[in-house]
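# Descriptive structure summary
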Amino acid sequence: MEMLQKDMEKMAETAHPEIPVEFSALAGERIVIETTELDFYYSAESHALKKVNIRIPYRKVTAFIGPSGCGKSTLLRCFNRMNDLIPGSFLEGKVLIEGEDIYKNGIRLEELRKKVGMVFQKSNPFPMSVWENVAFGPRVNGITNKSELEEMVESSLKQADLWKEVKDRLQASALDLSGGQQQRLCIARTLANKPDIILMDEPASALDPISTGKIEETINELKEEYTIVIVTHNMQQAGRISDYTAFMMLGEMVEFDTTKKIFTNPREKMTEDYITGRFG
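Within every chain, residues take consecutive numbers counted from 1 along the sequence as written. pLDDT decides what is reported in this predicted model: residues at 70 or higher carry local features, side-chain atom pairs at 80 or more are listed and counted, and totals for whole chains, interfaces and linings draw on all residues regardless. With hydrogens and water stripped out, all remaining heavy atoms of the structure feed into the side-chain values.

### Section: the side chain of Lys72
The numbering of helices and of strands both runs from the N terminus, where a helix is a DSSP run of H or I of at least 4 residues and a strand a run of E of at least 2. Along the chain, the position of Lys72 falls in helix α2 (residues 72-78). Exposed residues in this analysis have more than 50% of their type's maximum accessible area, buried residues have under 20%, and partly exposed residues fall in between, with area computed by a 1.4 Å probe over protein chains only. Positive charges are assigned to Lys and Arg, negative charges to Asp and Glu, while His and the chain termini are left out of the count. By convention in these notes, a salt bridge is any Lys or Arg side-chain nitrogen within 4 Å of a carboxyl oxygen on Asp or Glu. One buried charged residue, Lys72, forms no salt bridge at all, with the nearest opposite charge on Glu202 at 5.6 Å. We call two residues contacting when some pair of their heavy atoms lies within 4.5 Å. Discounting chain neighbours no more than four positions away, the residues touching Lys72 are Phe64, Ile65, Gly66, Pro67, Val231, Thr232, His233 and Met248.

Here it is in structure tokens:
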């Protein structure tokens, strides 16, 4: 059996020499995000990510799972440099998006964050109307034509599966929406910037089951057009909506594979123990 495993690994390397064995599940996929030996420090004494290597495929949903404090959200925020806002933090290694090192000198953060949008754990609508929330990004990016803005607002709200619920309330305050509606509004606001990648940090953790279901339906529809990376503590949610899953522990990438493989036949015992609820 051991010899058979080695032969299979050798075949995987031969067929796709550029893909390490741990990423053989990605053979044939277009890679959009890639990290190489990534270390992240909140301070010299706080080493949050340790030699993380991961590849994120195009127009798929990739879930990060693992216990609290394992580095999931920290890694997610490395993809659009949100961690830059933390005083004293620093990074070593590389983060490539479409082959470009996003930590090299000269990268324009506003362009990066337009391309790599983010939806946070807690919905954070602006204290303005529904319409103004969605139009905010395009206006900042220089779009002033009213009809163009109207079209972008409607399109983004439809993609976020919110249009039917708010089309007659576009001038009402976004703060009057329910929690689930506010989170879908934040997704629409992100979509209005025309990103290529959407990062989601536990977007449904504070929502009721019905609202969570709507968010999951939205994610399944969005992956037809966007690359999505989601952090979730909900094992069932990861199993329902993701194509690939990465399991993290203590700042390290323990295992990466198709979600089906991770949940039914993981390679590492630590992954199996977490999936089956033995810890975490």
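Read on, since the account is not over.
### Quick word on the pattern of salt bridges
Pairing between side chains of opposite charge can happen when their charged atoms approach one another. Applying the stated rule across the entire model yields 16 salt bridges. A salt bridge links Glu29 to Lys60, with the shortest nitrogen-to-oxygen separation between them at 3.5 Å. Of this pair, Glu29 sits in the loop between α1 (2-15) and β1 (31-43) while Lys60 is found in the loop between β2 (46-57) and β3 (61-65), placing the two residues 31 residues apart along the sequence. Looking at Glu29, the relative accessible area reads 23%, which means it is partly exposed.

### Focus: the environment of Lys223
Its location among the elements puts Lys223 in the loop between α8 (209-222) and β8 (227-231). In this structure Lys223 comes out as buried when scored by relative accessible area, which is 19%. Those residues in contact with Lys223 that sit more than four places away from it in its chain are Arg59, Val61, Ile228 and Asp243. A distance of 3.0 Å separates the side chain of Lys223 from the side chain of Asp243, its partner in a polar contact. Pairs of N or O atoms are called polar contacts if they sit within 3.5 Å, as long as, within protein, a hydrogen donor faces a hydrogen acceptor (for residues adjacent in sequence, only side-chain-to-side-chain pairs).

### Overview of the side chain of Thr35
Inspection of the secondary structure assignment puts Thr35 in strand β1. Taking the relative accessible area as the measure of exposure, Thr35 reaches 2% and is therefore buried. The contacts of Thr35, once residues within four sequence positions are left out, are Val52, Asn53, Ile54, Leu75, Phe79, Lys94 and Val95.

### Here's the deal with the environment of Phe120
Relative to the helices and strands, Phe120 resides in the loop between β6 (116-119) and α4 (130-140). Using a relative accessible area of 28% as the deciding quantity, one classes Phe120 as partly exposed. Note: C-alpha distance between Phe120 and Ala172 (52 residues apart in sequence) is 23 Å. Look past the residues within four positions of Phe120 in its chain and what remains in contact with it is Met82, Gln183, Asp201 and Pro203.

### Regarding unusual backbone geometry
One non-glycine residue, Lys51, lies in the positive phi region at around 50°. For Lys51, the location among the structural elements is in strand β2. The phi angle at Asp161 is positive, at roughly 55°, despite the residue not being glycine. Here Asp161 shows up in the loop between α5 (146-159) and α6 (163-166).

### Some thoughts on the sheet that holds β3
For two strands to be treated as a pair, DSSP must find no fewer than two bridges joining them. Spatially, the six strands line up as an open sheet ordered β6-β7-β8-β3-β9-β10, and their pairing is mixed. Strands with a single pairing partner mark the edges of an open sheet, and in this sheet they are β6 and β10 (252-258). Mean inter-strand twist for the sheet, computed between neighbouring axes without regard to direction, equals 20°. Examined bridge by bridge, β6 and strand β7 (residues 197-201) share four bridges and lie parallel to one another. Considered in β7, the bridge of Met118 is made with Leu199. Comment: axis = line fitted to C-alpha atoms, over the contacting stretch for helices; angle = value between 0 and 180 degrees taken between N-to-C directions. Across the sheet, helix α7 (residues 179-191) lies against β6 and β7, angled at about 170° from β6, the strand it touches most.

### Examining the pairing of β7
The buried count for β7 comes to five of five residues, which makes it a mostly enclosed element. Judged by which residues are buried, β7 turns out to be covered on both faces: Ile197, Leu199 and Asp201 on one side and Ile198 and Met200 on the other are all buried. Here, the term right-handed applies to a crossover whose path from the first strand over the helix to the second runs clockwise when the strands point away from the viewer. For the crossover that starts at β7, traverses α8 and ends in the parallel β8, the hand is right-handed.

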